[in-house]
Amino acid sequence: MTSIVSACRGDSQAHRIVPPTGFTARLTVFSAATMSFLTVFALTLSLASGRLGQRWGDELAQTATLRISAPGDQSVAQTKAALQVLDSTPGVASARALSAKEQRVLLAPWFGPDLPVDSLPIPQLIEIKETVDGFDAAGLRLRLQAEVPGAVLDDHTRWRAPLERAAERLKVLGWVSILLIGTTTAAIITLAANAALAANAQVIAVLRLIGAQDSYIARAFVRRFTLRALLGAGLGTTLGIFAVMVLPAAQEEGGFLTGLGFEGINWILPFLIPPLAALVAYTATGAAARKTLSELA
């Protein structure tokens, strides 16, 4: 990082051998701005996926649901028997039967708020909370099968694992996207630097005749392209942060489509994009300059 700052300060007169405007200047600034804008959203997606996976895991961990499907005249008796079984089961912290109002709220997203729960043969749900050690699901199923024939135990395992795995893969995909964006940025800046070096081949030859060292010439190109990348990345990151800030806030009804912004200390991350873009430009331009100058020797 110190070498980048030194290169940016550099000799303010040396950069005059690099065209201050033109195709390479616009290409570098535009590509850095565009890639930084995309990086902000890839970073947002990755962080949101991590939070989503953690939330899903926290909501489903150490909880289970017991569903009792029985005729109306037997449902109350089986619910009472199921609660007695659960109360005597090691690893069960608490168990309670959901009220008709709570079951109506659960079904509202699919059937609307006016669903007549009392007049429909809807199974009775019992919410189970586990202790830290948890309970023996296989043993509990056997007891329920014998004492409460209409009870079906769901320990959420089949739901939690796929959801957490999907969220983790989305998180990895976000970081892979950031890596690809950085690689593409380096490739574009390298091409722009090569084009600028080739366009100034005669100027480079004259500088060599008057005693300029290749390191001096290379630093001039590195300084120009590093500053261009820093400027473009700063613009793109600013626009990206503004776009993220106007996204909808987190809402339970919106699920994954809301709450995609940065939270807490994660707000530091987008501000690291411009210096990282400058680092990419510094490295790519330095390599391109050394290669091209050796070829022009």
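Computed from a predicted model, the values in this text were never measured in an experiment.

Trainee: Just to check I follow, could you spell out the pattern of salt bridges for this structure?
Mentor: Oppositely charged side chains can form a pair if their charged atoms are brought close together. Tallied over the entire structure, the rule returns two salt bridges. For the salt bridge of glutamate 127 with arginine 96, the shortest nitrogen-to-oxygen distance reads 3.2 Å. Placement of glutamate 127 in strand β3 (residues 124-130) and of arginine 96 in strand β2 (residues 92-97) is noted, with a sequence separation of 31 residues between them. On the basis of relative accessible area, arginine 96 is assigned to the partly exposed category, the value being 37%. When the shortest N-O distance is used, the salt bridge between arginine 143 and glutamate 147 registers 4.0 Å.

Trainee: Help me understand the pairing of strand β1 (residues 63-68), please; the structure alone is not making it clear to me.
Mentor: Remember that side chains alternate between the two faces of the sheet whenever the strand is regular. Here β1 runs beside β3; their pairing, made up of six bridges, is antiparallel. Across the sheet, the residue bridging to threonine 63 is lysine 129, located in β3. Here four bridges tie β1 to strand β4 (residues 151-154), and the two strands are oriented antiparallel to one another. Counterpart to threonine 65 in the pairing with β4 is aspartate 154.

Trainee: Sorry if this is basic, but what is going on with a nonpolar patch on the surface here?
Mentor: The grouping of Phe242, Met245, Val246, Trp267 and Phe271 at the surface amounts to a nonpolar patch, some 570 Å² of accessible area in total. Relative to the helices and strands, methionine 245 resides in helix α8 (residues 214-245).

Trainee: Hey, could you run me through the nonpolar core in this one?
Mentor: Judged by nonpolar contacts, the single largest core of 18 residues is most densely connected at Ile204, Ile217, Phe221 and Phe225. Mapped by element, the contributors of at least two residues to this core are α6 (157-199), α7 (201-209), α8 and α9 (273-296).

Trainee: Hey, could you run me through the confidence of the model for the chain in this one?
Mentor: Low-confidence regions, as indicated by low pLDDT, have predicted coordinates that should not be scrutinised in detail. Looking at the chain as a whole, its pLDDT mean stands at 77, while 77% of the residues score no less than 70. At the low end of the mean pLDDT range in the chain sits helix α1 (residues 2-9), at 56; at the high end sits α8, at 87.

Trainee: Teacher, can you tell me more about the sheet that holds β1 here?
Mentor: Spatial strand order, β2-β3-β1-β4: four strands in an open sheet with antiparallel pairing. The open sheet is flanked by β2 and β4, the only strands paired with a single partner. Ignoring which end each strand starts from, the neighbouring axes of this sheet average 20° apart. Strand contacts of helix α5 (residues 137-147): β1 and β4, with the helix running at about 170° to β4, the strand carrying the most contacts.

Trainee: How do you make sense of the packing of aromatic side chains when you look at a structure like this?
Mentor: Describing an aromatic ring pair means giving the distance of the ring centres and the angle of the ring planes. Within this structure, the stated rule accounts for one aromatic pair. Relative to phenylalanine 41, the ring of phenylalanine 37 has its centre 5.1 Å away and its plane inclined at 50°; by these criteria the two rings are tilted. Of this pair, phenylalanine 37 and phenylalanine 41 both sit in helix α2 (residues 23-60), separated by four residues, roughly a single helical turn. Residue phenylalanine 37 is classed as partly exposed on the basis of its relative accessible area, which comes to 29%.

Trainee: Just checking my understanding: could you explain the environment of alanine 64 for this structure?
Mentor: Within the fold, alanine 64 resides in strand β1. Spatially, the C-alpha atoms of alanine 64 and glutamate 127 are 6.4 Å apart, while their sequence positions differ by 63 residues.

Trainee: What is the right way to look at α5 in this model?
Mentor: Owing to its 3.6 residues per turn, the α-helix brings residues three or four apart onto one side. All of the buried residues along α5 are Ala137, Leu140 and Leu144. Buried positions in α5, seen along its axis, are confined to an arc of 60° and lie on one side of it. Exposed residues pointing more than 90 degrees away from the buried face of α5 are listed as Leu142, Gln145 and Ala146.

So, how was this worked out
Residues numbered from 1 in each chain as written. Predicted model: local features only at pLDDT ≥ 70, side-chain atom pairs only at ≥ 80, totals over all residues. Heavy atoms only, no water. Salt bridge = Lys/Arg side-chain N within 4 Å of Asp/Glu carboxyl O. Helix = DSSP H or I, 4+ residues; strand = E, 2+ residues; numbered from the N terminus. Buried < 20%, exposed > 50% of the residue type's maximum accessible area, 1.4 Å probe, protein only. Pairing = 2+ DSSP bridges. Patch = residues over 30% accessible without salt bridge, like charges linked within 9 Å, V, L, I, M, F, W, Y side chains within 5 Å. Areas by Shrake-Rupley, 256 points an atom, 1.4 Å probe, with all protein chains shown as cover. Core = buried A, V, L, I, M, F, W, Y, C linked by side-chain atoms within 4.5 Å. pLDDT = per-residue confidence, 0-100. Axes fitted to C-alpha atoms, helices over the stretch in contact; angles between N-to-C directions. Contact = heavy atoms within 4.5 Å. Phe/Tyr/Trp six-rings, centres within 6.5 Å; stacked < 30°, edge-to-face > 60°. Arc of directions from axis to C-beta.

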